Amino acid sequence: MMISLSVSTMTERSQIATTFLPFAGSAPVEWRIESGLTDYIQALDVMEARAEAIRAGTAGEMIWLVEHPPLYTAGTSAQSGDLIDPDRFPVFKAGRGGEYTYHGPGQRVAYVMLDLKRRREDVRAFVAALEQWIIATLAAFNIKGERREDRVGVWVVRPDRPISRDGTPAEDKIAAIGIRLRKWVSFHGIAINVEPDLSHFGGIVPCGVTDHGVTSLVDLGLPVTMADLDIALKAGFETVFGPAEAPEVELRRKAG
């Protein structure tokens, strides 16, 4: 099942309960943090293999936190005209829902490999839960993240900016969501801007949205590190999706 996050998919998701806990007795989700920059094709291969193993019952659910070198990805709804500067960075077809987005250093990408059959077979509720996870994470830094019924992702109002062309307060996107489901196992996931080079978003129309900008935690005046964000991400994840723990080998490495 390929999910393109259309307006019909998003309707009234703010009214859906935003916890997405597993059935009783489920094992904690594996929480894996990758160091350095992860090759995008490698990431796709890892996600495909893990999703297949989760469906087969030979591996558990996993959240995989990575950073990528600078690149653009095209979702299943991407419009060719939204790729403004195709020669700036490599461009990959992602296979996820959504349009064009940018990944690069300073942006935390969280790949979400969860089995919705162990939770709820409800796409709208899943998207709402991902948004709630991001909102809870941002709240740890006193940032009010908000969802929009006509746009996927999480947004922050910018009272320091001029009013938008439609007369509403200016707002910028701080986090993106793009998912895919296969046999009710998810992959791809979310991306939160910590301190990426925001000028790199200029090579695309991010997520097809022209009336609003893009921001980051550091752009908002918060000197947040990637490690700070990862701590908040884990805490926020557990309030929405349930327990998560690092693999034993990673725990031993950190203890040593």
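Parameters at a glance
- Residues numbered from 1 in each chain as written.
- Predicted model: local features only at pLDDT ≥ 70, side-chain atom pairs only at ≥ 80, totals over all residues.
- Heavy atoms only, no water.
- Helix = DSSP H or I, 4+ residues; strand = E, 2+ residues; numbered from the N terminus.
- Buried < 20%, exposed > 50% of the residue type's maximum accessible area, 1.4 Å probe, protein only.
- Phe/Tyr/Trp six-rings, centres within 6.5 Å; stacked < 30°, edge-to-face > 60°.
- Salt bridge = Lys/Arg side-chain N within 4 Å of Asp/Glu carboxyl O.
- Core = buried A, V, L, I, M, F, W, Y, C linked by side-chain atoms within 4.5 Å.
- Contact = heavy atoms within 4.5 Å.
- Pairing = 2+ DSSP bridges.

It is worth spelling out the environment of Ala139 at this point. Within the element layout of this structure, Ala139 appears in helix α3 (residues 123–139). Judged by its relative accessible area of 43%, Ala139 is partly exposed. When the C-alpha positions of Ala139 and Ala232 are compared, they lie 8.9 Å apart, and in sequence the two are 93 residues distant.

Turning to the packing of aromatic side chains, a few remarks are in order. This structure, assessed with the given rule, holds 14 aromatic pairs. Aromatic pair Trp31 and Phe237: ring centres 5.6 Å apart, planes at 55 degrees, arrangement tilted. Of this pair, Trp31 sits in strand β1 (residues 29–33) while Phe237 sits in helix α4 (residues 226–241), placing them 206 residues apart in sequence. Each member of the pair, Trp31 as well as Phe237, carries the same accessibility label: buried.

Here we take up the pattern of salt bridges. Enumeration over the complete set of coordinates arrives at 16 salt bridges. The shortest N-O distance in the salt bridge between Arg119 and Glu61 comes to 3.0 Å. In this pair, Arg119 is assigned in the loop between β6 (107–113) and α3 and Glu61 in the loop between α2 (40–56) and β2 (62–66), connecting sequence segments 58 residues apart. With relative accessibility at 5%, the residue Arg119 sits in the buried group. The shortest N-O distance in the salt bridge between Lys117 and Glu121 comes to 3.3 Å. Look at the salt bridges and you will find they share partners, linking Lys144, Glu146, Arg148 and Glu171 into a network.

A few words on the nonpolar core. Ile63, Phe126, Trp133 and Phe241 are the most contacted members of the largest nonpolar core, which has 43 residues in total. Ranked by the residues each element gives to this core, the list is headed by α3, at ten residues. In this structure Ile63 touches Val29, Glu30, Trp31, Arg32, Ala110, Tyr111, Val112, Leu114, Trp133 and Phe237, once residues within four positions along its chain are discounted. Listed in part, the 17 residues of the second largest apolar core include Ala43, Leu71, Val109 and Met113.

All right, on to the pairing of strand β8 (residues 151–157) then. Among the seven residues that make up β8, six are buried, leaving the element largely enclosed by the rest of the structure. Bridge count for strand β7 (residues 146–148) against β8 is two bridges, and the pairing is antiparallel. Across the sheet, the residue bridging to Glu146 is Trp155, located in β8. Linking β7 to β8, which pair antiparallel, is a turn of two residues. Here β8 pairs with strand β9 (residues 171–182) via four bridges, running antiparallel. Among the inter-strand pairings, Trp155 is bridged to a residue of β9, identified as Lys173.

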